[in-house]
Amino acid sequence: MQLHDRLYTLYDEFDTESLRAHQEFVDLAPPVDSPVALQYWESASDELAAHKDEIRAAFPAHDAFADVAARATRDQAFTALDLYGKYGRAVNVLVLDVDETLRSAGSTDNEIPRATLHLLTEFHEAGVPIIICTGQTLENVKGFLSQGLGNELVHSGRLSVVYEAGTGVFTPGHGADTKRLLYEDLGDDVRGVFDDVRSRVHTAAPEDIRRGCHLQGNEFNVTLKPNYETGSERARALIDSALVHLLGLLADCVGADPAAVRAYYADADPEIAAVVAASSAAVGDADALGEAAAETLSRIDVGYYEGDAAEIASRELNKVVGVQAALDVLGVADPFALVMGDSKSDLRVMEHVDDHDSGIAAAPEHASTRVLEHVATTDELVFDAGAADEILRTAWALAQFA
């Protein structure tokens, strides 16, 4: 309670809002060649240092208070203190989804905000490894990471990319372990299904899917994306049709009744069930699957992301498997991760760290219902769309307390 009381005093008696404004200016508007701009930046930097010195003098036993107040709001600071009281340790690795988590089509124009990028560099400089965990292709991720974070950070040896939701792991600077193709360990029977589906996913598709969707350039997963704005009415209709199309191709590949295959995946996922029910496709009985088909399908996952993507992936390869491989390459033996994401694939990682007491989870307010339910029952770390920095500030404050 004494620490809580002193934290209240910090935010009540000091102008922490101005302190954060100075810190943000110094962080995000570095000095340039212009003498006027340089003078303005130096003045702000001096004022920031003076503010921090004043806080350190007032709280000599709590050296972290100045850095906490410079980056975290009152609510973020108290949330961090509560997390420290609950877990007794700081986050030592970041596991971050990208789309609709670090960046948002609606609120950040699909760019990672500068404040978020800067906080990631601060964690990196503090020695905290970063794992980017995404369903995107490796080439897409490498491009915007190098542009946003810089090649030095990306190739530092402390950043890893789990791509295509866990089919591969890319960790620059680790020699033979730099790129791990996890899908190479799958059996030939499963890999054969993916090869077959990929070869026919467009040629065998109805005309609206051929014209309105494109095949994402994955190394392994088969993902159909709309040619229209993500989340738009047209994109939602196309992805719903693409999902039914993929289920039909799967049935053909494993020699099973399409109606039984649709029932099999509908039984496993209420969102898929709703899409199939709304289509004209028949739904049969999952128990009608033959033994061989049922065994193969038990190893193949079908993903549905409303208005965004329909895909098939391996159940044996997911973000949990990818993150574990990345942690191994990075040498993080005792992880306590901050997992941030919005979809069902991210939920698996959140549930894993919760089950193993190895991290905390956070999600944007527009995340899937199941993700938000999980976050609500753990630490209630929900942030505004496009504002991942809110949680990163909380995690930064937690690190200072620890």
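Note: the structure precedes this text.
Residues numbered from 1 in each chain as written. Predicted model: local features only at pLDDT ≥ 70, side-chain atom pairs only at ≥ 80, totals over all residues. Heavy atoms only, no water.

Peer 1: Give a detailed account of the side chain of Gln-23, specifying residues and quantitative values.
Peer 2: When you line up the elements, Gln-23 lands in helix 2 (residues 16–28). Here Gln-23 is in contact with Leu-48, Lys-52, Ala-70 and Arg-71, once residues within four sequence places are set aside. (Helix = DSSP H or I, 4+ residues; strand = E, 2+ residues; numbered from the N terminus. Contact = heavy atoms within 4.5 Å.)

Peer 1: Go over the pattern of salt bridges with me, naming the residues and quoting the values.
Peer 2: With the rule as written, the count across this model stands at 29 salt bridges. A salt bridge links Glu-122 to Arg-71; the nearest nitrogen and oxygen atoms lie 3.5 Å apart. Of the two residues, Glu-122 is situated in helix 6 (residues 114–125) and Arg-71 in helix 4 (residues 65–71); the sequence distance between them amounts to 51 residues. There is no split in this pair, since Glu-122 and Arg-71 are both buried. Between Lys-86 and Asp-379 there is a salt bridge, with the nearest N and O atoms lying 2.8 Å from each other. Of this pair, Lys-86 sits in helix 5 (residues 74–87) while Asp-379 sits in the loop between helix 17 (369–377) and strand 12 (381–383), and the two are 293 residues apart along the sequence. Residues joined in a network through salt bridges with shared partners are Lys-52, Asp-53, Arg-56, Asp-63 and Asp-67. (Salt bridge = Lys/Arg side-chain N within 4 Å of Asp/Glu carboxyl O. Buried < 20%, exposed > 50% of the residue type's maximum accessible area, 1.4 Å probe, protein only.)

Peer 1: A description of the nonpolar core should follow, citing residues and the corresponding values.
Peer 2: Counting 66 residues, the largest nonpolar core has Ile-131, Tyr-265 and Ile-312 as the members making the most contacts within it. Here the element with the most residues in this core is helix 11 (residues 233–254); it accounts for eleven residues. When sequence neighbours within four positions are dropped, the list of residues in contact with Ile-312 reads Phe-194, Val-197, Asn-221, Val-222, Leu-246, Leu-250, Ile-300, Asp-301 and Val-302. Within the second largest apolar cluster, 61 residues are counted, among which are Leu-83, Leu-94, Leu-117 and Phe-170. (Core = buried A, V, L, I, M, F, W, Y, C linked by side-chain atoms within 4.5 Å.)

Peer 1: Help me get a handle on empty space enclosed by the protein, residues and values and all.
Peer 2: All chains considered together, the criterion is met by two cavities of 30 Å³ or more. When its volume is computed, the largest cavity comes out at roughly 40 Å³. If you trace the largest cavity, you find it lined by Tyr-87, Met-350, Val-353, Asp-354, Gly-359, Ile-360, Ala-361, His-374, Thr-378 and Asp-379. Elements with a contribution of two residues or more to the lining of the largest cavity: helix 16 (344–355) and strand 11 (359–364). Looking at the lining of the largest cavity, its residues break down into five nonpolar, three polar and two charged. (1 Å grid on protein atoms, 1.4 Å probe; cavity = no way out; pocket = protein on both sides within 12 Å on 5 of 7 lines; lining within 4 Å. Points joined across faces, edges and corners; volume = space filled by probe spheres on them. Nonpolar A, V, L, I, M, F, W, Y, C, P; charged D, E, K, R; others polar.)

Peer 1: A description of the sheet that holds strand 12 should follow, citing residues and the corresponding values.
Peer 2: Sheet strands pair by backbone hydrogen bonding; their relative direction is either parallel or antiparallel. In spatial order, the strands read 5-4-3-2-1-10-11-12; together these eight strands make up an open sheet with mixed pairing. A strand with exactly one partner marks an edge of an open sheet, and here the two such strands are strand 5 (179–181) and strand 12. For this sheet the average axis-to-axis angle between neighbouring strands, irrespective of direction, equals 15°. The pairing of strand 1 (residues 93–96) with strand 10 (residues 337–340) spans four bridges and is parallel. Bridge assignment links Val-95 to a residue of strand 10, and that residue is Val-339. (Pairing = 2+ DSSP bridges. Axes fitted to C-alpha atoms, helices over the stretch in contact; angles between N-to-C directions.)

Peer 1: Lay out the sheet that holds strand 7 (residues 222–226) in plain terms, naming residues and giving numbers.
Peer 2: Taken in spatial order, the four strands line up as 6-7-9-8 in an open sheet, and their pairing is antiparallel. Edge positions in the sheet fall to strand 6 (213–215) and strand 8 (300–305), since each has one partner strand and no second. Sheet twist, expressed as the mean angle between neighbouring strand axes with direction ignored, is 20°. Each of strand 6, strand 7, strand 8 and strand 9 (309–314) is contacted by helix 9 (residues 188–200), which is oriented at about 155° to strand 9, the strand it contacts most.

Peer 1: Got a sec to walk through the layout of surface pockets? Specific residues and values, please.
Peer 2: What the largest pocket holds in volume is close to 1100 Å³. Counting residues per element, the ones that place at least two in the lining of the largest pocket are strand 7, strand 8, strand 9 and helix 16. A class-by-class count of the residues in the lining of the largest pocket yields eight nonpolar, 16 polar and 15 charged. Taken as a whole, the second largest pocket holds about 360 Å³ of empty space. Surrounding the second largest pocket, 25 residues form its lining, Asp-269, Asp-301, Val-302, Lys-344 and Arg-348 being those nearest its centre. Among the elements that take part in the lining of the second largest pocket, helix 16 stands out by supplying five residues, more than any other. Residues of the lining of the second largest pocket, tallied by class, amount to ten nonpolar, five polar and ten charged.

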